[in-house]
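If you want the building blocks of each chain, they are given just below.
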Amino acid sequence: MLGYILKWNEWGGRAVRGLILLGLFVPTHARVQAQTPPSTDLPERAQSRANKKRQPERDFVLVGAGDIASCKQPEGARATAKLIEQIPGTVFAAGDLAYEKGSAAEFKNCYDPAWGRFKERTKPALGNHEYGDPTASGYFQYWGAQAGPAGKGYYSFDLGDWHIVVLNTNCNAKDLGGCAAGSPQETWLQEDLAKRPNRLHSRVWPPRAL
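Attention in this report is confined to the structure presented alongside it. (Residues numbered from 1 in each chain as written. Predicted model: local features only at pLDDT ≥ 70, side-chain atom pairs only at ≥ 80, totals over all residues. Heavy atoms only, no water.)

Broken down by element type, the protein carries 6 helices and 9 strands. Per-residue burial for the protein yields a buried fraction of 43% across its 210 residues. Entry remark: accessible area of the protein is about 11800 Å², with carbon and sulfur atoms responsible for 51%. (Helix = DSSP H or I, 4+ residues; strand = E, 2+ residues; numbered from the N terminus. Buried < 20%, exposed > 50% of the residue type's maximum accessible area, 1.4 Å probe, protein only. Areas by Shrake-Rupley, 256 points an atom, 1.4 Å probe, with all protein chains shown as cover.)

Right, dumping it as structure tokens:
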């Protein structure tokens, strides 16, 4: 699953309902861990100091789902929330978060009662249902700065040695400027990746043509 968390068969496809768990077992100090262990011939105190300098590996978890909440069928969001609350780490919400139109009222009444408890550790992404309003105002109102620039909705973040990019696939959305080569989003993506040439990259919600 390196590279893509969600794979789409066609442009604008809908995510399969359910829980997606991605454990990123990435040692933050891989080079240190790969070094030859200190010789057992060292005096005991020197051996102890050497062990203290070696930093332990850390596991990074990215867990989440798409097509999350509907007031007509709230039991689905409640069930996945029960699973998420048992898993530490960063949560992703991969589009179509509040049915049917991603309005402010639907985020408040449908999404928030189930998944709102994870809001502070959630990285959201836009789906087509967020654009029930042409500007996805309910989505940007609910998430604020967590959603990236208002009207754009693309951003990136680091998780251990991973650099994760969240893109907006609604290429015809008002104020986005498209997704094709030379678009603001594509230009931003090239610049963002160029700043992190040594990172392992994973794209959440990749558009078809970038």
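Alright, that's what it looks like, and here's the rest.
This next bit is on the side chain of His-163. Along the chain, His-163 falls in strand β8 (residues 162-166). Note on His-163: relative accessible area 0%, which makes it buried. Here the side chain of His-163 touches Asp-158 through a polar contact of 2.6 Å, side chain to side chain. A distance of 2.6 Å separates polar atoms of two side chains, one belonging to His-163 and the other to Asp-192. (Polar contact = N/O pair within 3.5 Å; in protein donor to acceptor, adjacent residues only side chain to side chain.)

For helix α3 (residues 75-84), every residue scored as buried is listed here: Ala-77, Thr-80, Ala-81 and Ile-84. Down the axis of α3, the smallest arc covering the buried residues is 110 degrees, so these residues share one side. Exposed and facing more than 90 degrees away from the buried side of α3 are Arg-78 and Lys-82. Against β2 (60-65), β3 (69-70), β4 (90-94) and α4 (104-115) lie the buried residues of α3. (Arc of directions from axis to C-beta. Contact = heavy atoms within 4.5 Å.)

Scanning all chains against the criterion turns up 2 disulfides. A disulfide bridge connects Cys-71 with Cys-110, and the sulfur atoms are separated by 1.9 Å. When the S-S torsion is -105 degrees, as for the bridge of Cys-71 with Cys-110, the disulfide is left-handed. Residue Cys-71 is found in the loop between β3 and α3, and its partner Cys-110 is found in helix α4; the two are separated by 39 residues along the sequence. Taking the relative accessible area as the measure of exposure, Cys-110 reaches 10% and is therefore buried. For Cys-171, the disulfide goes to Cys-179, at an S-S distance of 2.0 Å. Linking Cys-171 and Cys-179, the disulfide has an S-S dihedral of approximately -105 degrees and is accordingly described as left-handed. For the residue pair Cys-171 and Cys-179, the accessibility class agrees, reading buried in each case. (Disulfide = S-S within 2.5 Å.)

Okay, α4 next. Those residues of α4 lying buried are Glu-106, Phe-107, Cys-110, Tyr-111, Ala-114 and Trp-115. On an axial view of α4, the arc spanned by its buried residues comes to 115 degrees, and they lie on one face. Every exposed residue of α4 that faces more than 90 degrees away from the buried side is listed here: Lys-108 and Pro-113.

Ile-68, Leu-97, Phe-107, Tyr-111, Trp-115, Tyr-139 and Trp-143 are the most contacted members of the largest nonpolar core, which has 33 residues in total. Elements represented by at least two residues in this core include exactly β2, α3, β4, α4 and α5 (137-143). With 5 residues, the single largest contributor to this core is α4. With 11 residues, the next largest nonpolar core counts Phe-60, Ala-94, Ala-125 and Ile-164 among its residues. (Core = buried A, V, L, I, M, F, W, Y, C linked by side-chain atoms within 4.5 Å.)

Right, let's get into the pattern of salt bridges. Under the counting rule described, the total for this entry stands at 3 salt bridges. With a shortest N-O distance of 2.6 Å, Arg-117 and Glu-85 are connected by a salt bridge. Pair noted here: Arg-117 is in the loop between α4 and β6 (122-125) and Glu-85 is in the loop between α3 and β4, with a separation of 32 residues, a long-range link. Among the residues examined, Arg-117 registers a relative accessible area of 49% and is labelled partly exposed. Here the salt bridges share partners, and the residues they tie into one network are Asp-158, Asp-192 and Arg-196. (Salt bridge = Lys/Arg side-chain N within 4 Å of Asp/Glu carboxyl O.)

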